[in-house]
Amino acid sequence: MVTIQEKRELVNQTRETNRAVQVYDYADLSGVAINLPSSQRVKLTGIVGDGRAQIKEPVIGWVNATFLRVPTEIRKGARYRVRMTSAPNGLLAYWEPGKAQNDGPAGGATVFLTEPQDSYVEGGRRFVRVFYTGKANNERIGYVSQGLIGSTLGQPNSNFEGPL
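These notes cover the structure that comes with them. Just so we're clear, the structure is a prediction, and the values are computed from it rather than from any experiment.

**A few points about the layout of surface pockets**
The gaps of empty space that remain are located by a probe, the size of a water molecule, rolled over the atoms.
Inference 1: Approximately 760 Å³ is the volume found for the largest pocket.
Inference 2: Along the walls of the largest pocket sit 28 residues, with Arg-41, Trp-95, Asp-118, Arg-129 and Tyr-143 positioned nearest its centre.
Inference 3: Secondary-structure elements contributing two or more residues to the lining of the largest pocket are β2 (14-17), β5 (41-49), β10 (94-96), β13 (119-122) and β15 (139-148).
Inference 4: Of the residues contributing to the lining of the largest pocket, the split by class is 11 nonpolar, 10 polar and 7 charged.

Written as structure tokens, this is what we have:
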């Protein structure tokens, strides 16, 4: 029997795997659901116990808490401008693949790549992680389309001009 408890200060907190880890279906760390790579970001539910933590993103399950760390600091990197010719209405930002933010940088807006750089490919497009100013005039971080696979940042086949 595993003793579990809620720690409110951990609800919705982000952690990062410090090695490849297994996500389990059950709190006793049985029933492997999936494997996550090293440096994968996860979101906690706040339910923990006996060296384990329940996560809710990217999937719901249990992980060995020994293999989680507070994420490394993300800094602003190279500066680009959202190209008006390819994205005059701006770009939709995503928290992660398939999870839209209902926000994103406007056409002509300045964005900063994150350092370390982070990207993924989905639906024939490359998405890069950027800092941008959101609708409420607040600084946000999200993934936005760089352009089709094979596009190069700052080149005419990209949604970005620069670096500035």
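From this point, things continue past the structure.
**As for the side chain of Ser-151**
Inference 1: Its location among the elements puts Ser-151 in the loop between β15 and β16 (160-161).
Inference 2: Polar contacts involving the side chain of Ser-151 include one to the main-chain carbonyl oxygen of Leu-148, which spans 2.8 Å.

**So, the packing of aromatic side chains**
Inference 1: For the coordinates displayed, the defined rule picks out 4 aromatic pairs.
Inference 2: Between Tyr-120 and Phe-127, the ring centres sit 5.0 Å apart and the planes meet at 10°, which makes this aromatic pair stacked. Judged on exposure class, the residue Tyr-120 and its partner Phe-127 are both buried.
Inference 3: In this arrangement the basic side chain of Arg-19 is found over the ring face of Phe-67, its NZ or CZ atom lying 3.8 Å from the centre.
Inference 4: Above the ring of Phe-112, the side-chain terminus of Lys-76 is found at 4.7 Å from the ring centroid.

**With respect to the environment of Asn-35**
Inference 1: Its location among the elements puts Asn-35 in strand β4 (residues 32-36).
Inference 2: Residues Asn-35 and Gln-22, 13 residues apart in the sequence, show an inter-C-alpha distance of 4.4 Å.
Inference 3: Aside from chain neighbours lying at most four places away, what touches Asn-35 is Val-21 and Gln-22.

**Let's talk about the side chain of Glu-16**
Inference 1: Looking at the secondary structure, you find Glu-16 in strand β2.
Inference 2: Classification of Glu-16 by relative accessible area gives buried; the value is 5%.

**Comments concerning the pattern of salt bridges**
Inference 1: Within the structure shown, the criterion is met by 8 salt bridges.
Inference 2: The structure contains a network of salt bridges with shared partners spanning Glu-16, Arg-41 and Arg-69.

**Some remarks on the nonpolar core**
Inference 1: Within the largest apolar cluster, 13 residues are counted, with the highest numbers of intra-cluster contacts made by Val-111, Val-130, Val-144 and Phe-160.
Inference 2: For this core, the element with the most residues is strand β14 (residues 125-133), which contributes 3 residues.
Inference 3: Core analysis: the second largest hydrophobic core is formed by 11 residues, Val-23, Leu-36, Leu-44 and Ala-53 among them.

**Considering unusual backbone geometry**
Residues other than glycine predominantly adopt negative phi, and peptide bonds predominantly adopt the trans conformation.
Inference 1: For the peptide bond that leads from Glu-57 to Pro-58, omega is 10°, which places it in the cis range.
Inference 2: Within the secondary structure layout, Pro-58 lies in the loop between β6 (52-57) and β7 (61-64).
Inference 3: Geometrically, the link from Gly-162 to Pro-163 is a cis peptide bond, its omega value of 5° lying close to zero.
Inference 4: Inspection of the secondary structure puts Pro-163 in the segment after β16.
Inference 5: You will see that Ser-39, though not glycine, has its phi angle at about 70°, which is positive.
Inference 6: Unlike most non-glycine residues, Asp-50 shows phi in positive territory, near 40°.

Conventions used here
- Residues numbered from 1 in each chain as written.
- Predicted model: local features only at pLDDT ≥ 70, side-chain atom pairs only at ≥ 80, totals over all residues.
- Heavy atoms only, no water.
- 1 Å grid on protein atoms, 1.4 Å probe; cavity = no way out; pocket = protein on both sides within 12 Å on 5 of 7 lines; lining within 4 Å.
- Points joined across faces, edges and corners; volume = space filled by probe spheres on them.
- Helix = DSSP H or I, 4+ residues; strand = E, 2+ residues; numbered from the N terminus.
- Nonpolar A, V, L, I, M, F, W, Y, C, P; charged D, E, K, R; others polar.
- Polar contact = N/O pair within 3.5 Å; in protein donor to acceptor, adjacent residues only side chain to side chain.
- Phe/Tyr/Trp six-rings, centres within 6.5 Å; stacked < 30°, edge-to-face > 60°.
- Buried < 20%, exposed > 50% of the residue type's maximum accessible area, 1.4 Å probe, protein only.
- Lys NZ or Arg CZ within 6 Å of the ring centre and 35° of its normal.
- Contact = heavy atoms within 4.5 Å.
- Salt bridge = Lys/Arg side-chain N within 4 Å of Asp/Glu carboxyl O.
- Core = buried A, V, L, I, M, F, W, Y, C linked by side-chain atoms within 4.5 Å.

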